[in-house]
Amino acid sequence: MPAPDETLADALRERIILGEFAPGTRLSETALAELLGVSRNTLREAFRVLSEQGLIEHVPHRGVSVASPTVADVVDIYRARRYIEQAALAAGSPLHPAVADMTAAVERSEAGLEARDWRAVGTANMAFHGAIVALADSPRLGRLYRDIAAELRLAFLEIDSPEALHAPFVSRNRELLETFLTRGGAAAAQELHDYLVHSEQTVLGAFTRQHRG
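In this report, we go over the structure that sits alongside the text. (Residues numbered from 1 in each chain as written. Predicted model: local features only at pLDDT ≥ 70, side-chain atom pairs only at ≥ 80, totals over all residues. Heavy atoms only, no water.)

**Things to note about the sheet that holds strand E1 (residues 26-27)**
In a beta sheet, neighbouring strands pair by backbone hydrogen bonds and run either parallel or antiparallel. Strand order in the open sheet formed by three strands is E1-E3-E2, and the pairing between neighbours is antiparallel. Each edge of the open sheet is held by one strand with a lone partner, namely E1 and strand E2 (56-59). Pairing analysis gives four bridges linking E2 to strand E3 (residues 63-66), with the strands arranged antiparallel. By the bridge assignment for E3, Ile56 is matched with Val66. On the sheet, helix H3 (residues 40-52) packs against E1, E2 and E3 and is oriented at approximately 110 degrees with respect to E2. (Pairing = 2+ DSSP bridges. Helix = DSSP H or I, 4+ residues; strand = E, 2+ residues; numbered from the N terminus. Contact = heavy atoms within 4.5 Å. Axes fitted to C-alpha atoms, helices over the stretch in contact; angles between N-to-C directions.)

**Considerations on the layout of surface pockets**
Of the volumes computed, that of the largest pocket is approximately 310 Å³. Contributing to the lining of the largest pocket are 16 residues, with Ile17, Met126, Ala127, Ala149 and Arg153 lying nearest its centre. Looking at the lining of the largest pocket, the elements that each hand over two or more residues are helix H1 (4-17), helix H6 (118-134) and helix H7 (139-157). For the second largest pocket, the calculated volume is near 180 Å³. In terms of lining residues, the second largest pocket is bounded by Ile17, Leu18, Trp118, Arg119, Gly122, Arg153, Phe156, Leu157, Ile159, Pro162, Leu165 and His166. (1 Å grid on protein atoms, 1.4 Å probe; cavity = no way out; pocket = protein on both sides within 12 Å on 5 of 7 lines; lining within 4 Å. Points joined across faces, edges and corners; volume = space filled by probe spheres on them.)

**What to know about the packing of helix H4 (residues 71-91) against H6**
Close contact between H4 and H6 brings their axes to 7 Å; oriented N to C, the two are set at 60 degrees. Considering the angle they form, H4 stands oblique to H6. With respect to the hand of their crossing, H4 and H6 are arranged in left-handed fashion. For the pair H4 and H6, the contacting residues are Arg81, Ile84, Glu85, Ala88 and Leu89 in the first and His129, Ile132 and Val133 in the second. Among the residues making up the contact of H4 with H6, the classes are represented as five nonpolar, one polar and two charged. (Parallel < 35°, antiparallel > 145°, perpendicular 65-115°, else oblique. Left-handed = near helix turned anticlockwise from the far one by under 90°. Nonpolar A, V, L, I, M, F, W, Y, C, P; charged D, E, K, R; others polar.)

**Observations concerning unusual backbone geometry**
Positive phi outside glycine occurs at Arg116, with the angle close to 55 degrees. Relative to the helices and strands, Arg116 is located in the loop between helix H5 (98-115) and H6. Positive phi is not limited to glycine here, since Asp137 has a value of about 55 degrees. Inspection of the secondary structure puts Asp137 in the loop between H6 and H7. Assessed through its relative accessible area of 58%, Asp137 is described here as exposed. (Buried < 20%, exposed > 50% of the residue type's maximum accessible area, 1.4 Å probe, protein only.)

Here you go:
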């Protein structure tokens, strides 16, 4: 059973990546502890966990705030994604149980696209990539990717056009899945490399337009 601070950290992470606390938002320890019905000590430990995951930052004389990813953060996130996801896909088997999760995530993203529900599309997209990592059968890589994905979702919240951010990749997810199933992991991994480069350029372009550094 997870410790209370771990459970609280998970709950706060979910709220952050869903946009309930926007990047740069100051988190009042007193107000948040009262809102969540926890002690300030428990909240501080949850903050420590989230700080290690890159989701919040302690600013001297200003307290705790939700992190605001920079261009350098985005570049590093995508560097890590290419290492992890491409290797998992290249070595993965089309018969792996995670393929069912990949397929379900693609279907959810397509339904979200039709409904123009960009939050649902973004969530399904990250689930698709999480399922790619699951092909490696490594709980440690899964935990690492979860943290990377949370930071990426935080970066996505900084972008003012979720449609431009998510819509082009719905069909690419379907194409990537089909490549993996019909041509194997090596071909799919090369396709994924180009996909992630395009995704990174999309995010960096949005950051540049919004004058972020």
